[in-house]
Amino acid sequence: MGKIFYIMGKSASGKDRIYSLLEDQRELKLKTLVLYTTRPIRDGEENGKNYYFVSDEKLNEFRKNGNVIEERSYHTVYGIWTYFTADDGQVNLTESDYLGIGTLESFMKLKKYYGENAVCPVYIQVEDGERLSRALKREKEQENPKYEEMCRRFIADQSDFSEENIQSAGIEKRFQNKDLDNCVKEIVNYIKSMQ
Ligand SMILES: Nc1ncnc2c1ncn2[C@@H]1O[C@H](COP(=O)(O)OP(=O)(O)OP(=O)(O)O)[C@@H](O)[C@H]1O
Ligand SMILES: Nc1nc2c(ncn2[C@@H]2O[C@H](COP(=O)(O)O)[C@@H](O)[C@H]2O)c(=O)[nH]1
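Rules used throughout
- Residues numbered from 1 in each chain as written.
- Chains lettered and ligands numbered in written order.
- Predicted model: local features only at pLDDT ≥ 70, side-chain atom pairs only at ≥ 80, totals over all residues.
- Heavy atoms only, no water.
- Pairing = 2+ DSSP bridges.
- Helix = DSSP H or I, 4+ residues; strand = E, 2+ residues; numbered from the N terminus.
- Axes fitted to C-alpha atoms, helices over the stretch in contact; angles between N-to-C directions.
- Contact = heavy atoms within 4.5 Å.
- Near = heavy atom within 4 Å.
- Polar contact = N/O pair within 3.5 Å; in protein donor to acceptor, adjacent residues only side chain to side chain.
- Areas by Shrake-Rupley, 256 points an atom, 1.4 Å probe, with all protein chains shown as cover.
- Nonpolar A, V, L, I, M, F, W, Y, C, P; charged D, E, K, R; others polar.

Describing the sheet that holds strand 1 (residues 4–8)
Here is step 1 of the chain: Spatial strand order, 2-7-1-8-9: five strands in an open sheet with parallel pairing. Each edge of the open sheet carries a strand with a single partner, namely strand 2 (30–32) and strand 9 (174–176). When the angles between neighbouring strand axes are averaged without regard to direction, this sheet yields 30°.
Here is step 2 of the chain: Pairing between strand 2 and strand 7 (residues 97–101): three bridges, direction parallel. Paired with Thr32 across the strands is Leu99, a residue of strand 7.
Here is step 3 of the chain: Each of strand 1, strand 2, strand 7 and strand 8 (119–125) is contacted by helix 1 (residues 15–23), which is oriented at about 160° to strand 7, the strand it contacts most.
Here is step 4 of the chain: Sheet contacts for helix 3 (residues 104–114): strand 1 and strand 8; angle to strand 8, the most-contacted strand, approximately 170°.

Below you can see the structure in the form of structure tokens.
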């Protein structure tokens with residue numbers, strides 16, 4: 001039976017970078033589980049790669065058809081943004097392993113939907129000061145930096161990813177993203193050991 005390797009971590013911990021580098025590791029034979037979001041697309045993002053970027057109307061259609069596996073909404077500085085996983089035929093665990101990105105909350109819901117052993121956590125950790133520096137650097141590189149939203153995320157993450165929540169999600173292993181290449185190597189070894 002296939003598995004979903006599910007990358008989690010606070011904002012700017014490196015989830016997207018790590019996801020792309022793992023996608024490039026052909027020997028892992030991972031397919032991607034692409035989530036949906038109603039947030040606007042950012043510079044450098046691609047529809048269908050980072051997310052499927054959809055309208056609130058499209059989200060409602062998924063809801064009406066009973067195709068939403070999990071969803072989470074955040075009151076951001078720019079309004080409500082919803083992220084969701086849809087049962088849209090992307091995942092076939094009898095055929096492949098998958099790579100996804102999400103939160104502790106969505107991880108627990110996916111485990112409930114696909115089975116306790118089908119979803120393997122890949123929790124990324126970075127020292128908070130370093131993470132904030134990386135977040136600021138990334139934001140500065142955007143055409144329209146969204147500093148207020150960056151700060152909201154930083155603060156929200158402190159409670160959303162509290163030690164208590166990490167423990168109750170059953171996360172035992174953490175991957176330190178100090179040096180990106182080393183971190184990816186450790187994750188590759190972990191994935192291989194689980195396949
Ligand atoms: N080990 C590293 N050393 C230095 N910079 C890094 C490292 N890992 C990632 N980065 C950079 O840190 C920034 C944040 O990484 P990334 O966008 O992948 O984080 P994320 O966890 O996906 O964030 P978010 O949840 O906010 O989307 C990016 O500019 C990325 O290139
Ligand atoms: N725990 C929280 N997670 C949040 C919040 N706002 C967004 N998110 C999650 O982060 C990732 C990445 O989002 P992105 O917009 O940078 O791609 C995604 O899985 C969201 O669910 C928050 O306030 N708290």
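Picking up where we left off.
Topic: the site of ligand 2
Here is step 1 of the chain: Taken together, 13 residues form the shell around ligand 2, and within it Arg39, Tyr51, Arg72, Tyr83 and Asp160 come nearest.
Here is step 2 of the chain: Between ligand 2 and the protein, one listed contact pairs an oxygen atom with a side-chain N or O atom of Arg42 at 3.1 Å.
Here is step 3 of the chain: Asp160 places a side-chain nitrogen or oxygen 2.5 Å from a nitrogen atom of ligand 2.
Here is step 4 of the chain: The fraction of the free accessible surface of ligand 2 (510 Å²) that becomes covered by protein chains is 94%.
Here is step 5 of the chain: Mapped onto the shell around ligand 2, the elements with two or more residues apiece are strand 5 (68–76) and helix 5 (147–160).
Here is step 6 of the chain: Per-element tally for the shell around ligand 2: the top contributor is helix 5, with five residues.
Here is step 7 of the chain: Residues that form the shell around ligand 2 fall into these classes: five nonpolar, one polar and seven charged.

Quick word on the site of ligand 1
Here is step 1 of the chain: The immediate surroundings of ligand 1 are formed by 15 residues, with Ser11, Ala12, Lys15, Arg138 and Asn177 found nearest.
Here is step 2 of the chain: Residue Ala12 places a main-chain N or O atom 2.9 Å away from an oxygen atom belonging to ligand 1.
Here is step 3 of the chain: Asn177 places a polar side-chain atom, nitrogen or oxygen, 2.8 Å from a nitrogen atom of ligand 1.
Here is step 4 of the chain: Within the complex, 79% of the 640 Å² of free accessible area of ligand 1 lies under protein.

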